[in-house]
Amino acid sequence: MATKYIFVTGGVLSGVGKGVTAASLGAVLKSRGFKVNIQKCDPYFNVDSGTLNPAEHGEVFVTKDGAETDLDLGHYERFLSSNLTQQSSTMSGRIYRQVIEDERSGKYLGKTVQIIPHVTDAMQEAIINSSKGFDIHIVEVGGTVGDYESTAFIEAIRQLRLKVGPKNCLYIHVVFLPFLEASQEVKSKPAQNAVRDLREAGIICDILVARADHAVPKNILKKLSLFGDIPLDRVLALPTVDTIYEVPLIIEETGIGDIVCKELSLPNKKSKLNDWTKLVSIIKKPNKKACKVAIVAKYLDHTDTYSSVVEALKSAAWSFDMDVSIVWVDAEKLTKDNCQDKFNKIDAIVVPGGFGNRGIEGKILAAQYALQNNIPYLGLCLGMQVASIGAIRMAGIKNANSTEFDVKSKDPVIDIMESQKKQKKLGGTMRLGDYKCDIVKGSLAHKMYKSEHIVERHRHRYEFNPKYTKQLNKGGLVISGTNPETGLTEIVEAPKHSYFIATQFHPEFTSRPLKPHPLFAGLIGATQKQ
Ligand code: GLN
């Protein structure tokens, strides 16, 4: 069977849930038994998301093969329960870089290199390469149609229809319907204009998804159908719901799954969404009282920065038939004097990943407080580094630090290893993506993973300095996971503690709503034993 392509574009405004819609449709089609892949095409001129400021752009998600991507890939992986690769994240910068490199190497044989066809061809190639081996390939184009910068991607997906044939291609446009408080009505004009904008670019959408914060009256859908030239049964309202994990259920309810199969001549198999239905009923009405987890962080204006951590905590809590209430603690404001106050009613503490000096002393304090007061603790990447620094300081090495925060530190317990120092270029020294970890038998990590050999995703530059292992032990922590090839420290834990574990890797990236990560489940489980 030829691969079927579903292109998801957006209109009116961004941030209305185009990514969640695309991912949910993916979940629905996967549950119908198809092999589904998904790709985000972003109009940014960055080559990847690695250098994007998390305070502005949200979390940098990391794939197993070490791609630093937009947080939408996290949504995709969670909805599809699959591991994506670099090929699922295509930014304009990457495409243009390739075209310029090809031009330099003479690939264009003296031709004038232009956006059409050269850039648009490279974009189509990236889409086709990513789709190989799948029944259905969903492509989300970032931004809104009409944006100057996404024009080339829109043109590329228009041309792809010719290349793969209209029967193998479907366009879904996701628009937003604003609500006017004064007249208490949902308005359709901006959505009509958005459909027109898409048509101006040469694409007539097959399905129009109308997102709205209020119920959408039938006459509005009729208007959209008439002015948009789209059959009424292909204009669907998708009102805002309590939880994003309900969207696959709603999509199936509205009939989008059936329409997609019909339009693409796919066998209309039955979907199996029982797990999602069960999950949504727990999310809506958990039986147990919520637990309180503090996340000690620095980007508090934009909690999207920690989106995978939050989702992993929620999924873990749902697996205990409860909710989690997240308390954001500003690391910069945490002091010895207010620690007790801030953590008084907290069931568990998480210190997530991060880069740079800001808030670091507060994070070290939080780890020490959890260690000394038997509060369940999960440290993620930087969270492991601060836990190690904290423990070693408690063992009497007062100046213990990371060379990331104090280049001249006399006691560099977190440092760049000799082998890395040779690689001068910044970025070249990062450990990115999957690395193996061997776990010490009988440790807490072993108990949680139920395995001695695991693979987890990384995104960091500094490592625990093994010269300080004795002092680490004296401070109450032991190493329970190491990389078999390099001997680098992967996991530390406190044997005499109810639950204190910290990892150099990022378990939050592989946690799924239907399959929470064991270390997060362990943390929530520990709050129930207090
Ligand atoms: N800044 C630390 C490092 O580079 C931790 C990185 C992280 O938490 N992702 O090693």
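What counts as what
- Residues numbered from 1 in each chain as written.
- Predicted model: local features only at pLDDT ≥ 70, side-chain atom pairs only at ≥ 80, totals over all residues.
- Heavy atoms only, no water.
- Helix = DSSP H or I, 4+ residues; strand = E, 2+ residues; numbered from the N terminus.
- Rg over C-alpha atoms; globule rule 2.2 N^0.38 Å.
- Contact = heavy atoms within 4.5 Å.
- Near = heavy atom within 4 Å.
- Polar contact = N/O pair within 3.5 Å; in protein donor to acceptor, adjacent residues only side chain to side chain.
- Areas by Shrake-Rupley, 256 points an atom, 1.4 Å probe, with all protein chains shown as cover.
- Nonpolar A, V, L, I, M, F, W, Y, C, P; charged D, E, K, R; others polar.
- Buried < 20%, exposed > 50% of the residue type's maximum accessible area, 1.4 Å probe, protein only.
- Phe/Tyr/Trp six-rings, centres within 6.5 Å; stacked < 30°, edge-to-face > 60°.
- Lys NZ or Arg CZ within 6 Å of the ring centre and 35° of its normal.
- Core = buried A, V, L, I, M, F, W, Y, C linked by side-chain atoms within 4.5 Å.
- Axes fitted to C-alpha atoms, helices over the stretch in contact; angles between N-to-C directions.
- Parallel < 35°, antiparallel > 145°, perpendicular 65-115°, else oblique.
- Left-handed = near helix turned anticlockwise from the far one by under 90°.
- Pairing = 2+ DSSP bridges.

**Observations concerning the overall build of the protein chain**
(1) Moving on: Tallying secondary structure elements over the protein chain gives 19 helices and 23 strands in all.
(2) Moving on: For the protein chain, the C-alpha radius of gyration of 25 Å lies close to 24 Å, the compact-globule estimate for 530 residues.
(3) Moving on: Structurally, the protein chain occupies a C-alpha span of about 75 × 65 × 45 Å along its principal axes.
(4) Moving on: Put simply, of all contacts in the protein chain between residues at least 6 apart along the chain, 74% involve residues at least 24 apart.

**Some remarks on the site of the ligand**
(1) Moving on: If you check the shell around the ligand, you find Gly353, Gly354, Phe355, Cys381, Leu382, Gln385, Glu404, Arg459, His460, Arg461, Tyr462 and His506 and nothing else.
(2) Moving on: Contact between the ligand and tyrosine 462: an oxygen atom at 2.8 Å from a main-chain N or O atom of the residue.
(3) Moving on: The fraction of the free accessible surface of the ligand (300 Å²) that becomes covered by protein chains is 98%.
(4) Moving on: Elements with a minimum of two residues in the shell around the ligand: helix 15 (382-394) and strand 19 (453-460).
(5) Moving on: Looking at the shell around the ligand residue by residue, the class counts come to four nonpolar, five polar and three charged.

**A closer look at the side chain of serine 150**
(1) Moving on: When you line up the elements, serine 150 lands in the loop between strand 6 (136-141) and helix 6 (151-164).
(2) Moving on: The buried category is assigned to serine 150, whose relative accessible area is 1%.
(3) Moving on: When residues no more than four places from it in sequence are discounted, the contact partners of serine 150 are Pro43, Gly142 and Thr144.

**Notes on the packing of aromatic side chains**
(1) Moving on: Under the counting rule described, the total for this entry stands at eleven aromatic pairs.
(2) Moving on: For the pair tyrosine 306 and tryptophan 328, a centre-to-centre distance of 5.7 Å together with 40 degrees between the ring planes defines the contact as tilted. Linking tyrosine 306 in the loop between strand 12 (288-297) and helix 12 (307-318) with tryptophan 328 in strand 13 (residues 322-330), this pair joins segments that are 22 residues apart in sequence.
(3) Moving on: For tryptophan 328, a relative accessible area of 29% gives the class partly exposed.
(4) Moving on: Three or more aromatic residues joined by ring pairs make a cluster, and in this case those are Phe79, Tyr245, Trp276 and Trp318.
(5) Moving on: Over the aromatic face of phenylalanine 134 sits the side chain of lysine 35, whose NZ or CZ is 5.7 Å from the ring centroid.

**Digging into the nonpolar core**
(1) Moving on: Of all hydrophobic cores here, the largest spans 48 residues; its most connected members are Ile6, Leu25, Leu29, Ile138, Ile172, Ile207 and Val260.
(2) Moving on: Once residues lying within four places of it in the same chain are set aside, the contact partners of isoleucine 207 are Leu170, Tyr171, Ile172, His173, Arg234, Leu236, Ile256, Ile259 and Val260.

**Side note on the environment of phenylalanine 464**
(1) Moving on: The topology assignment puts phenylalanine 464 in strand 20 (residues 463-464).
(2) Moving on: In sequence terms phenylalanine 464 and valine 492 are 28 residues apart; their C-alpha atoms lie 9.9 Å from each other.
(3) Moving on: Sequence-distant contacts of phenylalanine 464, defined by excluding residues within four places in its chain, comprise Met384, Ser388, Ile392, Val413, Ile414, Met417, Thr469, Leu472, Ile479 and Thr489.

**Some details on the packing of helix 12 against helix 19 (residues 518-529)**
(1) Moving on: Helix 19 packs onto helix 12 with a crossing angle of 60 degrees between their chain directions and a minimal axis gap of 8 Å. Comparing the axis directions of helix 12 and helix 19 gives the class oblique. Seen along the crossing, helix 12 lies across helix 19 with a hand that is right-handed. Seen from helix 12, the contacting residues are Val309, Ala312, Leu313, Ala316 and Ala317; seen from helix 19, they are Phe520, Ala521, Leu523 and Ile524.
(2) Moving on: Taken together, the residues that form the contact of helix 12 with helix 19 break down as nine nonpolar, no polar and no charged.

**Considerations on the sheet that holds strand 23 (residues 500-503)**
(1) Moving on: Read from one edge to the other, the open sheet built from nine strands follows the order 13-12-14-15-23-22-21-18-19, with strand pairing classed as mixed. Whereas interior strands pair on both sides, the edge strands pair on one side only; in this sheet they are strand 13 and strand 19. The mean angle between the axes of side-by-side strands here comes to 30 degrees, regardless of whether they run parallel or antiparallel.
(2) Moving on: In this structure, strand 12 lies alongside strand 14 (residues 348-351), joined through three bridges in parallel fashion. Note that in strand 14 the partner of valine 293 across the bridge is alanine 348.
(3) Moving on: Of the strands in this sheet, strand 12, strand 13, strand 14 and strand 15 (377-380) are in contact with helix 12, which crosses strand 13 at around 150 degrees.

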